[in-house]
Structures are given as C-alpha cells and as structure tokens.
Amino acid sequence: MNDPKQLIFPWIRANKSSLDNFYFESENLQVKDTFNSGADFLIYGEQECGKSFLLQSFCNQYAADKKSSLYVPLKEVLIHGTSFLDSIDTLELVCIDNIDTISNRKEWEIAIFNLINNCMLSNCRLIFSSSSNPAKLNFDLNDLKSRIKKIEPVKVLPISDQGLEDALSFVANKRLINLGEKEVQYIITHCNRSMKGLLDVLDRIDQVSAELKRKITIPLIKKVI
C-alpha cells in the first residue's frame, strides 16, 4: 500500500471518542499508562464498561498525532471476510475489538494469528479487547492461544457506585450540559445505574431541554425518565 492512511473500509464511521472524554477512576488508570507505553496489550472487562470507546480513542489519538490507525469491530466485520486483514499490518496501530467473537471460527482464527505475526515483523502496534479474561479465551488454534497469552492483559473495571456521580458530572461538563448536583443525584437515584444507561438518559434530557428551551431541572428530568 502506497498510502495506508487512504484505506477505506465499509464499517468505518466518524466518531469523537477521546481519552480526554473518558472518565478514569484510579483503578483504570493502568489502561492509559499502558497505552502511553507503546506496547501491544489487550483490554478486557464486562459488557458496556467502555472498551470500544477506548479502542476508538486510541485510534483517534494516533490520528491526532498524524499516525495511521484502524479500528476493527469484529462483530460487524465478520460478514466482510478476512481478506482485508492481509493489508493492514503496514499501519502504525490496529485496534481489534471483541477478539472473543472469532472463537471457533477457523478462518478468522488463522487470519488473526497471521496478522499478529505480520505486525511483529512490520512493527505495527496491536491492541485487542475482549469481554472474557484472555486466560479463558477458547480458541481452537493453539498457536493463536499462545500468541494472545503473550500479550499484556489490562482489566477495565466498570465505574463504581461511589464514582457514578462524579462520572456523570464529568461527562455533562465535557458536553457543555448544565447539570446541577441535585439533578445529578436525582438521575442516578431514579435511573439504571449503568454508565451506558445514565448517558442515554443524559442525551434524552439534553435533547428535551433544547427542544423546550428550558433549563435542566428535576421537574424536567421527571418528564424524560
């Protein structure tokens, strides 16, 4: 490839994911430190703890530094086949989301194994994510198991109950949404206490506030939730 930055893939969408917009509790700071180290690694954790956002943020950071990168959401790309993997090791960073998705898919296991080997030769950095502990990933291809086990695992923990208020306030501030302390507490008390659920509610509240041209208050929040 003469210009890897010009590669076009059918699943790529513009996104604004950024490490500056991710709320890091102290337990998750290792993720940022490992990214800054320049090493290959694998982040893992339960569903909806922010793994995809982080991988997209890593790619966006590389793009901001004028470096080539690619985010690969395996759940979405399975229908496109493995052939595109043959040409991406010339990039500077490849982030593979949901590596556990290819378990027991022989063609994909071989393709990812070959990609890892090719990236080792080309010095392309690889960052993976998984919903399962990498030690428990069930690949049929033993060589792939071995390769994955040699990559540093970093666990991403969901935001603690104690940190939800700070996290919601952090996101609201980043999005320039005027949300008072009482309103934050009300949302957390009366809504799904997962971060994704809270952010979905925050988006709806912000939309209704804009449509009605009203300040965000508890009565307004009640209309939304």
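What counts, and at which threshold
Residues numbered from 1 in each chain as written. Predicted model: local features only at pLDDT ≥ 70, side-chain atom pairs only at ≥ 80, totals over all residues. Heavy atoms only, no water. Helix = DSSP H or I, 4+ residues; strand = E, 2+ residues; numbered from the N terminus. Polar contact = N/O pair within 3.5 Å; in protein donor to acceptor, adjacent residues only side chain to side chain. Contact = heavy atoms within 4.5 Å. Phe/Tyr/Trp six-rings, centres within 6.5 Å; stacked < 30°, edge-to-face > 60°. Buried < 20%, exposed > 50% of the residue type's maximum accessible area, 1.4 Å probe, protein only. Lys NZ or Arg CZ within 6 Å of the ring centre and 35° of its normal. Disulfide = S-S within 2.5 Å.

Visitor: Explain the side chain of Ser129 here, please?
Guide: Topologically, Ser129 is positioned in strand E4 (residues 125-130). A distance of 2.9 Å separates the side chain of Ser129 from the backbone nitrogen of Asn98, its partner in a polar contact. Apart from the residues lying within four places of it in its own chain, the contact partners of Ser129 are Ile43, Lys51, Leu55, Ile96, Asp97, Asn98, Ile99 and Asp100.

Visitor: Honestly, the packing of aromatic side chains in this entry has me stumped. Any pointers?
Guide: The way to describe two aromatic rings as a pair is by their centre distance and the angle between their planes. Summed over the entire model, instances satisfying the criterion amount to 7 aromatic pairs. Ring geometry for Phe35 against Phe58: centres 4.4 Å apart, planes inclined by 10°, an arrangement best described as stacked. Of the two residues, Phe35 is situated in helix H1 (residues 29-37) and Phe58 in helix H2 (residues 51-64); the sequence distance between them amounts to 23 residues. For the pair Phe35 and Phe58, one class covers both residues: buried. An aromatic cluster is built from Phe35, Phe41, Phe58 and Tyr62, whose rings are joined through pairwise contacts. Above the plane of the ring of Tyr62 lies Lys67, whose end atom (NZ or CZ) is 5.2 Å from the centre.

Visitor: Explain the state of the cysteines here, please?
Guide: A disulfide bridge is the covalent bond that connects two cysteines by way of their sulfur atoms. According to the stated counting rule, one finds 0 disulfides in the structure shown. Cysteine Cys59 is unpaired, with the sulfur of Cys95 as its nearest cysteine sulfur at 3.8 Å. On the basis of relative accessibility, which here comes to 6%, the residue Cys59 falls in the buried class. Judged by its relative accessible area of 0%, Cys95 falls in the buried class.

Visitor: I keep staring at the side chain of Thr101 and nothing clicks. Help me out?
Guide: Mapped onto the elements, Thr101 comes out in the loop between strand E3 (93-97) and helix H4 (106-122). We classify Thr101 as buried; its relative accessible area is 18%. Not counting residues within four places of it along the chain, the set of residues in contact with Thr101 comprises Leu74, Lys75 and Leu78.

By themselves, these observations are geometric and do not establish any function.
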